[in-house]
Structure formats: structure tokens, C-alpha cells
Amino acid sequence: MSNEMNKLRVPTVAEMIANNERPDILFWVGCSGSFDDRAKKISKAIVKILNYCNIKFAILGAEESCTGDPAKRAGNEFAFMMQAIQNIELLKGYEIQKIVTGCPHCFNTLKNEYPELGADFEVVHHTQLINQLIREGRLLLKGGGKFEGKKITFHDPCYLGRANDVYEAPREVLEKLDAELVEMKRSKAKGLCCGAGGAQMFKDAEKGNKEINIERTQDAIEVNADYIATGCPFCNTMMTDGIKHFEKEEKVKVLDIAELISNAADL
Amino acid sequence: MISQLLFIVLLVVGFGFFSFNISKIRKNISLGKPLDRSDNKAQRIKTTLLVALGQKKMFQRIVPALLHLFIYVAFLFTSTELIEIIADGISGSHRFFLNKLGWIYVLLISTIEVLSVLAFISTLYFLARRNLLQVPRFKMSEMTGWPKLDGNIILYLEIVLLVCVFTMNGADEALFLQGKSHVAGSGSFGFLISSFTAPYFFNYFDVETLIILERVGWWGHILVVFGFLNYLPYSKHFHIVMAFPNTYFSNLNNKGAFNNLSSVKEEVLKMFDPSFDPYATPTEGEASVPDRFGAKDVEDLTWKSLMDAYTCTECGRCTSACPASQTGKLLSPRKIIMDTRDRLEEVGANKRNNGPDFKDNKSLLGDYISEEEIWACTSCNACVQECPVSIDPLSIIIDLRRYLVMEESKVPSELAGMLTNIENNGAPWQFAQADRNNWVDE
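It should be emphasised that the depicted structure is a prediction, and the values quoted were computed from it without experimental measurement. (Residues numbered from 1 in each chain as written. Chains lettered and ligands numbered in written order. Predicted model: local features only at pLDDT ≥ 70, side-chain atom pairs only at ≥ 80, totals over all residues.)

(A) Up close: the interface of chain A and chain B. Chain A puts 57 residues into the contact, and the matching count from chain B is 57 residues. When residues of the side of chain A that touches chain B are traced back to their parent elements, those giving at least two are α3 (30–35), α4 (37–52), α5 (69–73), α6 (77–93), α7 (104–113) and α10 (212–222) of chain A. Of the residues assigned to the side of chain A that touches chain B, the class counts are 25 nonpolar, 17 polar and 15 charged. (Contact = placed C-beta atoms within 7 Å. Helix = DSSP H or I, 4+ residues; strand = E, 2+ residues; numbered from the N terminus. Nonpolar A, V, L, I, M, F, W, Y, C, P; charged D, E, K, R; others polar.)

Take a look at the structure:
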């Protein structure tokens, strides 16, 4: 494919409105998806899927700002509230009806904590949207590509699973890869945290005898997974670090569900 | 006649002292901050039936769940027998309902006997599990001293209670076989277990001994029941009462939704309001700033968190599922709840003894729970998910963090940086907001 074909189409809401258009759905990229080198690839994979399915979406671009999730979990309700009130003002101004996020933390905050502060929009996690697109036949997978027959295990993000009871959508998507889906000994409601939630991503862990991501990565290594599928940029970082710790980078890859799908669909 | 009087005195004292302790606990729980859990009554009843009565979440671990179920069902059925014991105790009758209920009575007592055997086996297993088997969650630092003793006392009391039930029924059956029972004639009551045990274990005794044994069983039974009743408010075993209201009032929202502090919202809205006059006198009805953001002590927590504390039976499922605890950090969600109860008992006693405004210069945060513990939490909700009686340790941890951060500006240095970044450039890292969509063209 030429570079021109390969170019991502990622309009901002402001650009769309300038062209007298409105997005059907807002892609909330999130801070990780915007700034973290690893997570940017996940953002691109999501965009490739949205582009391929001709979804009329937009991002906020430079107008996007942190949802306030890490501030709230760290106990700083003031910083959270500043972010929330400004974000809600912006989203209401743009009359946003539906949001897809690339991060379960943004997803949880927008979906559960913003409505009481005046927000009124539907929020889905990208694995839910991808699952819906596949179900509706808008995203066709001709087999699982290079993932066919491989062992894939899904690491439930706490803020998607326990926090919001979304367990099946990511698994339904993974089933389309014709891979061997294996569950770790702790999964779904019993899934073990990667160690990054509750603002832990931004600090060193307290004194203990082990890092949480090492404990969790062992679960994945125990089931001999070729791929650890994630749905959260923080989990992705933690599991990638865990795999590096065990020097298994060659054997075990850590990929977001959006990356697995865009790769399998050769987008 | 004397024994009837004695019984009535015991009954009044037993229930009286229990009610007195319950009212103390009610007062302690109402020291908490308001929280509205009056919505969704149908959903709440359903949750209570499933989780408290139906023990849905216990069945995540099948062996302890079944054994616990035997003791629980035996307890529920034996409680119905109490009605007869009270009727007999007051009126001086013997087996008040025997002739009134006929075969239903035989079925009921037989059920109680079978359940009692199952409960007996379960209790022995639980004693072994607590003291002989190496179950990690029963060996942690918060499970030494009183909590360990408490767990054992409950099981010993259960053993005594069950032995009394079997002695009472077995001796009574033997007397009836010999035609010496309070009940006219001779024969078998037909109770499933005692009609089997009486000929083997009780027929060797003479009538006088049997009468004494029957009375010892009867009085022992009711004394243990009164003792147990009044032990409950001091014990983790209080969960048999609190599991019901605590599940009824549990959080029905998605577990990821943390509450928004309306006082903070008001403050922030004022900051954004150009017409706001900071020197104006507050208009009536306007939300005033609370004494404190977040929680330093038990009175800053919501009443539901305080109810949680009285509901905990210290099983430790929360702690065994906690990622921080599993990796050797100081945090144990069970300890958070146990500390909250201990501190609340202390605050309540202070208020009763020294007046409502008494301060002992101690607090939950600092004297009971350390900063290191609360900063080790990943807010992953595993503890909340695991609790069989819908306790939420996470909301206490977050309220304590809120106090530390917003009132004392005490925050781990890396987090201080993260918070500054969010305030300055709308991201937890130091990147300019203007660069947010650079990734598109990279």
C-alpha cells in the first residue's frame, strides 16, 4: 500500500464542525494513548479499525485533557473536579453523544463518575466497540492471520472487569482470531491486578517481597501463552515489563486487542 | 416454680443486655457521615436474599462454603426450637409443641438433629483448619491475640451447644423408652438421631441420672444460647446479624464508580464562576464547606463504612485476594476493617464515658492505619469483589487518602509530580497539552 493509503484519517471535533459535520462517536484517546510511545501504537490500531469501518469519528486533539482518574484515585478530589468540570463543559459544548475510549480508566471515569456532574453521553471501551463492529459484520476477519492456532491469554483490566463487569466483549473479539484462548488461573472477576491502578502507575510500589506485575506475569507464563492480550495501556506497560523481567520477550508478546485485530485484519 | 422464675430472670437479663449492646452499636454506626442508600428497594431485597440469606458469594470456595452452610442452616433451624425452649421455660411444660404439632414436630426435631450432626462435624473441621492446618489467611499478623481467641471461642461454644442438644434429646428419649419421661406413657419420640443414640449411649444410666442429664442438656443449651447472644456484640461472630443489613445497604453501582465529593464540586464551580464574590456572606441553604475533606478518623467515614466494620467476620478473603498483600506489602484490607471497628469502639466508649465532645488525640489514620498501608492499594476492587457480606474496604482507603492529600498535602513525591502535571498541563506526565495529537503524524 502507498503511504497515502496508509495515512490515518484522524479529524478533530473542531475541524469536523468547521466543515459542518458532526462525529457519530468521539474517540477519547487518553493521556497514555497520546503521549506514551507504546500506547500511541494502540491508539493508531484503534484508528485503523475505525477508518476501515468508515466510522465517522473525531478526537478532541489539543482540547483533550486528563479525565482526572489518577488524581481521584490518589485522593485529590480538587484536581479531579477541575478536570471533570472543564471536560464536561467541552463535551457538552460539542454535543457529544457517544465516546469510545482506549483506556479502561478513562472509560470508568467518563462512564461512572461524570454523569453525576452533568455529563450525558454513552461511553464504551474500545473492546466493546470492536466486538460490536464484528457482530454487525462491519469488520470482517478472514481468520486470525499470524495469530491462528497461537495461545492467547487475556489479562482482565480491573477497571474494565471488576469495576464495570465487562468480561465477555474482549473474549468474544479474541475468539475471532482462531487462536487457542487460554485463561490464567486467576481471571475475570478473580483476575489479578497488574499493579498500576489507583495511581500506582505514577509511583514506586511500597516495600514488599515482589512486584505485582511479576506475580501477574507468572500467571501468563504458567499457561504458556504466546500472546498476552490487554485492553489497557497501563496493564500493557506492566505486563511488558514483567515479560522483560523473565527475559521472555522473544517468546511472549504483549499486545492490545485493538493491535491483535488490526494486525489480523491486515489493516 | 423456682426454675421457671430463674428462667424468666435469665430471659429478661439475656435479651435486655443484648438490646443494650445493640443500641450502643447503633449509636456508634450513626456517628458516621450521611449516605443515601434508600433507593432501589426491590434490587436491595434481591441482593440480600442472594448474598446474605443465599450465601451466594461463599460458594466461590466450595468446601468451606458447604461446611459453613451446615452450621448456618443448623443455626436457623435450632433458632425455631428456641421458641419451644422459651415456652417450656416460662410455663414449666415439657416439649410444649409435641402434642400440638404431631408429626410436624417429629420432622422438625429430626431435621434439627441431622443438621446438628453436620454442624458438629463442620465445627470440628473448622477448629482443625484454624489451629492445625496452615491456612495463610488465618496466620497473618492481625489474626493473633484476641481475633484468634475469638474465632476459637465461637467454635468451642458451638461444640458445647451441640453436645447439650444431643444430651437433652438422647436422655429424654431413653427416659421415654423406660416410661419415665415427662410425657405420659412409654415409647420413642421418633427423632432421627436420638432414637438411634438413646439405646446405645443413654440406656445404661439409671432414671435419676437421665433426668439430671436431660436437665443439664436443656439448661446448658439455653445458657449457651443466652451467652452466645451476649457474646455476639463483642465478637466477629456478630456477622450473623449484620450480614443482612450490610448486604441490603451495599453499593449497587458499578464498583469502579467512586463517589464525587459535592463540597469539592461547589468549591470548584465557584472558582470557575466569574461573578462569584468570595467575601459575600453565604446565602441560606448553600452547601457549606465540611470540617474536613476525606477521613482522618472513624467519624469522617460514612455510616456504611462503620456498618462494614461491625459486619466483618475476619475471614480474610479480601486480604488473600489483595495484590498488595500477596506481594508482601503492609496493606491488608481485613486489617483496615478490623482497625475501623476497634477505633470506633474506642471512640464510642470515650463519648459514653466522657461526653460527646471528648477528644483522645488519637485517630484511625496514624494510630491504627499507617500511610504506608493506604498507599499500597491499587484500587483493583478484588477485596470488594471477594467479601461474602458486601464490605467495601476500598472506600475507607480512598477516604483516608483524600484526607492525607487534601488536608495535609501528604502525598508520595512521585504522585505530587503527577498531580502538578495534571493541574498544569492536563496529563499526568510533563507533556504540553498542545502536543496531544502529535501521535497522529508520528
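(B) Layout of helix α7 (residues 194–202) of chain B. All names here are of chain B. The set of residues buried in α7 consists of S194, T197, A198 and F202. The arc that holds the buried residues of α7, viewed along the axis, is 110°, so those residues lie on one side. Here the buried face of α7 lies against α5 (103–131), α6 (146–177) and α8 (207–231). (Buried ≥ 20, exposed ≤ 12 C-beta atoms within 10 Å, placed from the backbone. Arc of directions from axis to C-beta.)

(C) Inspection of the domain arrangement of chain A at higher detail. All names here are of chain A. Here the domain parsing of chain A yields domain 1 (3–131) and domain 2 (141–264). The centre of domain 1, based on its C-alpha atoms, is set 23 Å off from the matching centre of domain 2. Secondary-structure elements contributing two or more residues to the side of domain 1 that touches domain 2 are α3, α4, α5, α7 and α8 (126–135). Among the elements that make up the side of domain 1 that touches domain 2, the one with the highest residue count is α4 (eight residues). In terms of residue class, the side of domain 1 that touches domain 2 is built from 11 nonpolar, nine polar and five charged. (Domains from an automatic or database assignment.)

(D) Inspection of the packing of helix α9 (residues 239–248) of chain B against helix α11 (residues 303–311) of chain B at higher detail. Residues and elements named next belong to chain B. Packing of α9 against α11 brings their axes to within 8 Å, and their N-to-C directions diverge by 150°. Considered as vectors, α9 and α11 are oriented roughly antiparallel to each other. In the packing of α9 onto α11, the handedness of the crossing is left-handed. Mapping the contact onto sequence places H239, M242, A243, P245 and N246 in α9 and M307, D308, Y310 and T311 in α11. Residues that form the contact of α9 with α11 fall into these classes: five nonpolar, three polar and one charged. (Axes fitted to C-alpha atoms, helices over the stretch in contact; angles between N-to-C directions. Parallel < 35°, antiparallel > 145°, perpendicular 65-115°, else oblique. Left-handed = near helix turned anticlockwise from the far one by under 90°.)

(E) How the structure looks around helix α2 (residues 41–53) of chain B. All names here are of chain B. Of the positions making up α2, those classed as buried are T48, V51 and A52. The arc that holds every buried residue of α2, seen down its axis, measures 95°, which confines them to one face. Set apart from the buried face of α2 by more than 90 degrees, the exposed residues are A42, Q43, I45 and K46. Of the surrounding secondary structure, the elements contacted by the buried residues of α2 are α9. Trailing α2 by a residue or two, Q55 shows a phi angle of about 55°, which is positive.

(F) Examining unusual backbone geometry more closely. Positive phi, close to 55°, is recorded for D266 of chain A, a residue that is not glycine. With a phi close to 60°, E314 of chain B is a non-glycine residue in the positive phi region. Structurally, E314 of chain B can be placed in the loop between α11 and α12 (317–321). Residue class for E314 of chain B comes out buried when judged on the 23 C-beta atoms lying within 10 Å of it.

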